[in-house]
Amino acid sequence: MAFEFGGGLNLVLATPFAAAVVAPYLKKALGHNSAWLLAMVPAGIFIYLCQFIGTVATSGHGVNITPIEWLPHYGIQYSLFVDGLSLVFALLISGIGTLIILYSGGYLNGHADQGRFLSFMFLFMGSMIGVVLADNLMTLFIYWELTSITSFLLIGFNHKEERSRRAALQALIVTGGGGLALLAGLLLMYHAGGTMEMSELLGKGDVLRDSGFYVPMLLLLLGGAFTKSAQFPFHYWLRNAMEAPTPVSAYLHSATMVKAGVYLLMRVHPVMGDTALWTTILPIFGGVTLIMGTWMSLRQTDLKLTLAYTTIASLGLLVMLVGTSNETAITGAVVYLFAHALFKGGFFMIVGTIDHEAGTRDVTRLGGLRHAMPFSFYAAVACALSMGGLWPFIGFIAKEEIYAGLIGTNAPALFLTLTAVLGNAMMFGAAFVVALKPFLGESVKTPKHAHEGPVLLVAGPVALASLGLLSMLFGDFVGAELLRPMANVVHGHHGHLQIGIGAVHVNFAFMLSLMTIALGVGFYFKYEAIRSTRGVLIRFLGEGPDSFFDIFIAGLVRFSARTARLLQSGNMEVYLAATFATIAVALLVPMIAFDELPDWPTMPDLYIYEWSTLGLAVVGLYALLVAKTRLTAIVSLGIQGFAVALIFLLFGAPDLSFTQFMVETLSVVIIALIMNRLSLKEHDKRPGPQIALDASLSILVGLGFCLLLMSVTQGTFDWHLSEFFTEYSRAIAHGRNIVNVIIVDFRGFDTLGEIAVVTITALCVHTLTLGTGRMARKPKAVSTHPVSLDEATSGQKGAE
């Protein structure tokens, strides 16, 4: 049961987008110091969100924000929902976002486009906060796609470099494609659950799981989540996203974008999880991503790539844990997600500072920086201790909870436990490679004289590294007020969670932790050997999917080009044939497939003048078919229109008959004028097969319209519309001629549109005749083949 609270959140969440507008101007006025002022925006959001902590923790219920009506007829509204899950995510996004904005001020100090960069960062921040707080499914999807678009802008920030452009485009295509799958899955959720509000769908788990759409619904949702959270085989875009400036990487990997997929899986777990399909797909893909990511991280020399692969691995671990649908494992996932945001954000900023101040982030060209960069060294070691799961940092509690949730005696439990231990051990080794290799040992000459970064570069990593320890010191608050309510939302139970310095229990999970540490130390010392290994599997994991993306895009471009050449051949006859073939299929196939063909009517008794009119139409048709010149064919075509006008006149519609006479007369004159500019002496030189095809299409289209009209006339006539026009034409429009009133008043805008179409057509005809007239005046032999529209316009351009 939800309640109203915090209605100002809608306004507060608009502030990042407002900051995006003013950021370039503030940068121009204050320089890089504008970061101090701009950082107040996410800091203010963080402080505002803190008011929800006590309410959410004590009530256990979500907080519905007063929605803004959007498309109420379709159940679409701008609605927000705050519960334990969305609140922690929003706090991480805004809190870490504050430090990232400050860090960006120092990292891009002096960059000509720093204002534009900060604007993109705020757009990205607002989009991600919108994702985690959105209640309406369409609101969620729109913010979801905004994160893809804004990350495209950030990854491609250095747009003059081809690698950056490729990485940005790749991220947009992969995550955008997953977004389309997500949209289809959300629509199926709406269809099965009967509501667009996620807070209402959370109470309909049995309905969604028992729905006949459960399988496609789940697969589509996983498509969106896996692409966004870089699960194998979609992991390559996240590695290539390292082309972005380091502040983007730090924000992307710690609290935004890639965590959106995990958020989605956690959000829908109460209603989609704990099924055979869920507990099979997620652990398999998550486990593979975990092992692949950690192994590849140990093979990198670029510190950012090392961290990127460990992020991929961590996302795999989170997906695997959520996939177990085990309460303790999910609690471990929640704690690990929180710890990961802290140590990974800090780690990336440290690497960025090393690159900024030493001129390289290649681990083989670094060493002995602990004296030149002492604060960065402290922060790096603290982040590594938490990432490695060592006491007394919060990563230790996360690892203990993970192992406690995975331990079991059956084969799947043993497999997942082994996967987690091996993955965490390699992650331990990678963490200390990043934390120790650049700082320990003898000093190495670097491209730039290494020194500690300014306060804007150091404050963020030191703060995040310290929070890994402070979270344990204030474990009662972190566990009871933040992480336990979050875990309860995900697994759907009122579980327990103990966080603190004294939360150490010697049990089997603790023994697995010791094993992890021992293996991790081994991986650390074997780092150079692992980095030098080669093999087909390693090439496949590292470069295979990325190469496949290039092959896929190249194939897509070739397919598109060939399809365009096929469909856009430039031949008017092909276009007309395809159009009429489509019309014939649309008319005949449904009637035949659904057995709705009308009964063939008996021939009515006709008067002699009605037979004469019908005979006139037949004569005109015959004359058209046997015409030797284009002028004869044009005049014969007009006979058909005159016959129809006579029918209108005979059945008591003189105004309609008059209109038909005028239209047919003008049509004949205009077509004759056009053909006179081309060649009236030409006659139809189509080969026999072409004539047979065109005749078949004509007969099929004519038959289709005939059967459709017969079906309409054989149905029951609905008099409501006729009675409406009869009753109100005089009363409302003050007209006696009902037809005129309909055209001018009731369908006035429709008539205006038709007039506009006729006007545009007349202008096109004028241009065509003018151009072909100029072409005809040139002393040039007249072609003996029919002139196409393309040739005519080409001739016009040449003449001009």
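Residues numbered from 1 in each chain as written. Predicted model: local features only at pLDDT ≥ 70, side-chain atom pairs only at ≥ 80, totals over all residues. Heavy atoms only, no water.

Colleague: Just checking my understanding: could you explain the overall build of the protein chain for this structure?
Modeller: For the protein chain, the count of helices and strands is 34 helices and five strands. With respect to the principal axes defined by its C-alpha atoms, the protein chain has extents near 110 × 65 × 55 Å. Within the span of the protein chain, comprising 800 residues, buried residues form 49% of the whole. Put simply, of all contacts in the protein chain between residues at least 6 apart along the chain, 79% involve residues at least 24 apart. Element-wise, carbon and sulfur atoms account for 69% of the exposed surface of the protein chain, whose accessible area totals about 37700 Å². (Helix = DSSP H or I, 4+ residues; strand = E, 2+ residues; numbered from the N terminus. Buried < 20%, exposed > 50% of the residue type's maximum accessible area, 1.4 Å probe, protein only. Contact = heavy atoms within 4.5 Å. Areas by Shrake-Rupley, 256 points an atom, 1.4 Å probe, with all protein chains shown as cover.)

Colleague: Looking at this model, I keep getting lost on the side chain of Thr-98. Mind explaining?
Modeller: With respect to the helices and strands, Thr-98 occurs in helix α5 (residues 84-107). In contact with Thr-98, not counting residues within four places along its chain, are Ala-39, Pro-42 and Ala-43.

Colleague: Whenever I open this one, the pattern of salt bridges confuses me. Can you help?
Modeller: Pairing is possible between side chains that carry opposite charge, provided their charged atoms lie close to one another. Enumeration over the complete set of coordinates arrives at eight salt bridges. Between Asp-550 and Arg-166 there is a salt bridge, and its shortest N-O distance comes to 2.8 Å. Taken together, the residues Asp-550 in helix α25 (residues 536-567) and Arg-166 in helix α8 (residues 162-193) connect sequence positions 384 residues apart. Several salt bridges converge on common partners, so that one network encompasses Asp-302, Asp-355 and Arg-361. (Salt bridge = Lys/Arg side-chain N within 4 Å of Asp/Glu carboxyl O.)

Colleague: Before we go on, may I ask you to explain the packing of aromatic side chains in this structure?
Modeller: In this description, an aromatic ring pair is defined by two values, namely the gap between the centres and the angle between the planes. Summed over the entire model, instances satisfying the criterion amount to 17 aromatic pairs. Taking 5.9 Å as the distance between ring centres and 45° as the angle between the ring planes, the aromatic pair formed by Tyr-236 and Phe-549 counts as tilted. Here Tyr-236, found in helix α12 (residues 236-240), pairs with Phe-549, found in helix α25; they are 313 residues apart in sequence, far enough to count as distant. Comparing Tyr-236 with Phe-549 shows no difference in burial state: the two are buried. Grouped by ring-pair contacts, the aromatic residues Phe-724, Phe-725, Tyr-728 and Phe-746 constitute a single cluster. Here the guanidinium or amino end of Lys-437 rests over the ring plane of Tyr-524, the centre of that ring lying 5.1 Å away. (Phe/Tyr/Trp six-rings, centres within 6.5 Å; stacked < 30°, edge-to-face > 60°. Lys NZ or Arg CZ within 6 Å of the ring centre and 35° of its normal.)

Colleague: Please clarify how the environment of Val-626 should be interpreted in this entry.
Modeller: Structurally, Val-626 can be placed in helix α27 (residues 608-626). Between the C-alpha atom of Val-626 and that of Ser-636, which follows or precedes it by 10 residues, the distance is 9.8 Å.

Colleague: Would you mind going over the packing of helix α26 (residues 572-593) against helix α30 (residues 688-714) with me for this structure?
Modeller: The geometry of a pair of packed helices is captured by two quantities: the angle between their axes and the separation between those axes. One way to put it is that α26 packs onto α30 with a least axis distance of 9 Å and a crossing angle of 35°. Crossing geometry of α26 relative to α30 is assigned as left-handed. For the pair α26 and α30, the contacting residues are Glu-573, Ala-577, Phe-580, Ala-581, Ile-583, Ala-584, Leu-587, Leu-588 and Met-591 in the first and Gln-690, Leu-697, Leu-700, Val-701, Leu-703, Gly-704, Phe-705, Leu-707, Leu-708 and Ser-711 in the second. Looking at the contact of α26 with α30 residue by residue, the class counts come to 15 nonpolar, three polar and one charged. (Axes fitted to C-alpha atoms, helices over the stretch in contact; angles between N-to-C directions. Left-handed = near helix turned anticlockwise from the far one by under 90°. Nonpolar A, V, L, I, M, F, W, Y, C, P; charged D, E, K, R; others polar.)

Colleague: Sorry, what's going on with the nonpolar core here?
Modeller: One broad trend across soluble globular proteins is that nonpolar side chains are buried collectively. With 198 residues, the main nonpolar core has Leu-9, Phe-52, Trp-237, Met-266, Met-272, Phe-347 and Leu-483 as its most contacted residues. Broken down by element, the residue count for this core peaks at 19 residues, all from helix α17 (residues 327-358). Met-272 has contacts with Leu-208, Arg-209, Tyr-214, Met-217, Leu-218, Leu-221 and Trp-278, leaving out every residue within four places of it along the chain. (Core = buried A, V, L, I, M, F, W, Y, C linked by side-chain atoms within 4.5 Å.)

Colleague: Can you help me understand unusual backbone geometry in this one?
Modeller: For residues that are not glycine, phi is negative in most cases, and the peptide bond is trans in most cases. In this structure, the amide linkage connecting Phe-232 to the following residue, Pro-233, adopts the cis form with an omega of 10°. Among the secondary structure elements, Pro-233 is positioned in the loop between α11 (214-228) and α12. Looking along the chain, the bond that leaves Trp-391 and enters Pro-392 is cis, with omega of 10°. Structurally, the position occupied by Pro-392 is in the loop between α18 (374-387) and α19 (394-406). With a phi angle near 55°, Ala-230 is a residue other than glycine that sits in the positive phi range. Looking at the secondary structure, you find Ala-230 in the loop between α11 and α12. Positive phi is not limited to glycine here, since Ser-325 has a value of about 55°. Along the chain, Ser-325 falls in the loop between α16 (303-324) and α17. Taking the relative accessible area as the measure of exposure, Ser-325 reaches 18% and is therefore buried.

Colleague: Is there a simple way to explain the side chain of Ser-466 in this structure?
Modeller: Mapping Ser-466 onto the fold places it in helix α21 (residues 455-473). Polar side-chain contacts of Ser-466 include one of 3.2 Å to the side chain of Tyr-378. Separated by 2.7 Å, the side chain of Ser-466 and the backbone oxygen of Val-462 make a polar contact. (Polar contact = N/O pair within 3.5 Å; in protein donor to acceptor, adjacent residues only side chain to side chain.)

Colleague: Whenever I open this one, the pairing of strand β3 (residues 68-71) confuses me. Can you help?
Modeller: In the sheet, β3 pairs with strand β4 (residues 76-78) via three bridges, with the strands oriented antiparallel. Within the sheet, the bridge partner assigned to Ile-68 lies in β4 and is Tyr-78. Between β3 and β4, which follow one another and run antiparallel, lie four residues, and Gly-75 among them has a positive phi close to 75°. (Pairing = 2+ DSSP bridges.)

Colleague: I would appreciate a short explanation of a nonpolar patch on the surface in the present structure.
Modeller: Together, Met-603, Tyr-607, Ile-608, Tyr-609, Trp-611, Leu-614, Val-618, Ile-647, Leu-650 and Phe-651 give the surface a local cluster of nonpolar side chains, amounting to about 1100 Å² of exposed area. When contributions to the nonpolar patch are tallied by element, the ones reaching two or more residues are α27 and α28 (630-650). Among the elements that make up the nonpolar patch, the one with the highest residue count is α27 (five residues). Locating Tyr-609 in the fold gives a position in helix α27. Residue classification places Tyr-609 among the partly exposed residues on the basis of a relative accessible area of 42%. (Patch = residues over 30% accessible without salt bridge, like charges linked within 9 Å, V, L, I, M, F, W, Y side chains within 5 Å.)

Colleague: Hey, could you run me through the confidence of the model for the protein chain in this one?
Modeller: Residues with a pLDDT of 70 or more make up 92% of the protein chain, whose mean pLDDT is 85. Here helix α34 (residues 789-799) is the element of the protein chain with the lowest mean pLDDT, 38, and α11 is the one with the highest, 94. Below pLDDT 50 for its whole length, residues 1-6 participates in 22 contacts with residues either more than four positions away or in separate chains. Throughout residues 779-800 the model reports pLDDT below 50, and contacts reaching past four residues in sequence, or to other chains, amount to 20 contacts. (pLDDT = per-residue confidence, 0-100.)

Colleague: I tried to follow α18 on my own but got confused; where do I start?
Modeller: Residues that lie three or four places apart on an α-helix share one face, since the helix turns once every 3.6 residues. If you check α18, its first and last C-alpha atoms are 20 Å apart, about what 14 residues at 1.5 Å a residue would give, namely 20 Å. Restricting attention to buried positions, one finds in α18 the residues Ser-376, Ala-379, Ala-380, Ala-382, Cys-383, Ala-384, Ser-386 and Met-387. Where the residues of α18 are buried, they touch α16, α17, α19, α20 (411-436) and α21. The first or second residue beyond α18 is Gly-389, which carries a positive phi of 75°. (Expected span 1.5 Å × (residues − 1).)

Colleague: Sorry, what's going on with the environment of Val-268 here?
Modeller: Relative to the elements of secondary structure, Val-268 occurs in helix α14 (residues 258-272). Classification of Val-268 by relative accessible area gives buried; the value is 2%. C-alpha separation for the pair Val-268 and Met-198, spaced 70 residues apart in sequence, amounts to 8.7 Å. Non-local contacts of Val-268, meaning those with residues more than four positions away in its chain, are made with Met-198, Gly-273 and Trp-278.

Colleague: When you look at helix α4 (residues 40-59) in this model, what are you seeing that I'm missing?
Modeller: Along its 20 residues, α4 runs 30 Å from first to last C-alpha, staying within 8% of the 28 Å computed at 1.5 Å per residue. The axis of α4 is deflected most strongly, by about 30°, at Phe-52. Within α4, burial applies to Pro-42, Ile-45, Tyr-48, Leu-49, Phe-52, Ile-53 and Val-56. Looking one or two residues beyond α4, the residue adopting positive phi is Gly-60, at roughly 75°. (Bend = angle between axes of the 7 residues up to and from the residue.)

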